[in-house]
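Commentary on secondary and tertiary structure
Okay, here's what each chain looks like letter by letter:
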Amino acid sequence: AVVSTQSTGINEAIADKIKIDRKNSSGVGNVPCEFDYVNELFDRICAVIPFSDIHDNDTTVTEEEVIIPNTDTATVIGPKGIRIKDMRNYTKCAIKIQDDKDVTGDERRVNVRGTPRQIHRAIFMIKNITKVMR
């Protein structure tokens, strides 16, 4: 119950920030589009689910796969793909969600490619974003 109460305010704050960022990135004025709201989202997730960052400076690019329920796919992608795009920019990972036509059953594969630290942060966000967003 606490998470759902918090998520309403979070959703509104993030939606407002997305609107501001989109307006700024549309060429109105010279304000660069920043992804502060993704930082805010990450912080909100961390407030609900403890995050332990890894301090791995390994720059070797690898790939990992995470499984999510099909019901969480829209939440991870976000309206018009904005949330997944911004998670990619924030984590600096390539994130690929399994296509609808390739899905069998109730789960979907998500491939994440980057350094170990980038992958760790991306997977944390992917697995937990549904706890604070809907």
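In the block above lies the structure referred to throughout.
A brief report on the enclosed structure follows. (Residues numbered from 1 in each chain as written. Predicted model: local features only at pLDDT ≥ 70, side-chain atom pairs only at ≥ 80, totals over all residues. Heavy atoms only, no water.)

You can see Thr73 is positioned in helix α3 (residues 73-77). Only 3.0 Å separates the side chain of Thr73 from the backbone oxygen of Asn70, close enough to count as a polar contact. Those residues in contact with Thr73 that sit more than four places away from it in its chain are Ile68, Ile97 and Arg108. (Helix = DSSP H or I, 4+ residues; strand = E, 2+ residues; numbered from the N terminus. Polar contact = N/O pair within 3.5 Å; in protein donor to acceptor, adjacent residues only side chain to side chain. Contact = heavy atoms within 4.5 Å.)

Our next topic: the pairing of strand β3 (residues 107-114). Two faces, one strand: in a regular strand the side chains alternate between the faces of the sheet. Of the two faces of β3, the one lined by Arg108, Val110, Val112 and Gly114 is fully buried and the one lined by Glu107, Arg109, Asn111 and Arg113 carries no buried residue. Summarising the sheet, strand β1 (residues 62-69) and β3 pair through eight bridges and their orientation is antiparallel. The residue bridging Ile68 from the neighbouring strand is Arg108, located in β3. Judged from the four bridges that link them, strand β2 (residues 94-97) and β3 form a sheet pairing that is antiparallel. Within the sheet, the bridge partner assigned to Ile95 lies in β3 and is Val112. (Buried < 20%, exposed > 50% of the residue type's maximum accessible area, 1.4 Å probe, protein only. Pairing = 2+ DSSP bridges.)

So, on to the sheet that holds β2. Spatially, the three strands line up as an open sheet ordered β1-β3-β2, and their pairing is antiparallel. Edge positions in the sheet fall to β1 and β2, since each has one partner strand and no second. Strand after strand, the sheet turns through a mean of 20° between neighbouring axes, direction not considered. Across the sheet, helix α5 (residues 116-128) lies against β1, β2 and β3, angled at about 155° from β3, the strand it touches most. (Axes fitted to C-alpha atoms, helices over the stretch in contact; angles between N-to-C directions.)

Before going further, it helps to examine α5. The end-to-end C-alpha separation of α5 is 18 Å, in line with the 18 Å expected for 13 residues at 1.5 Å each. Of all the residues in α5, the buried ones are Pro116, Ile119, Arg121, Ala122, Ile123, Phe124, Met125, Ile126 and Asn128. (Expected span 1.5 Å × (residues − 1).)

The subject of this paragraph is the nonpolar core. Residues Val76, Met87, Ile95, Val110, Val112 and Ile126 are the most contacted members of the largest nonpolar core, which totals 22 residues. Counting residues per element, the ones that place at least two in this core are α2 (36-48), β1, α4 (82-91), β2, β3 and α5. The element that contributes the greatest number of residues to this core is α5, accounting for six residues. Apart from the residues within four sequence positions on either side, Val112 is in contact with Thr62, Glu63, Glu64, Cys93, Ala94, Ile95, Ile119, Ala122, Ile123 and Ile126. (Core = buried A, V, L, I, M, F, W, Y, C linked by side-chain atoms within 4.5 Å.)

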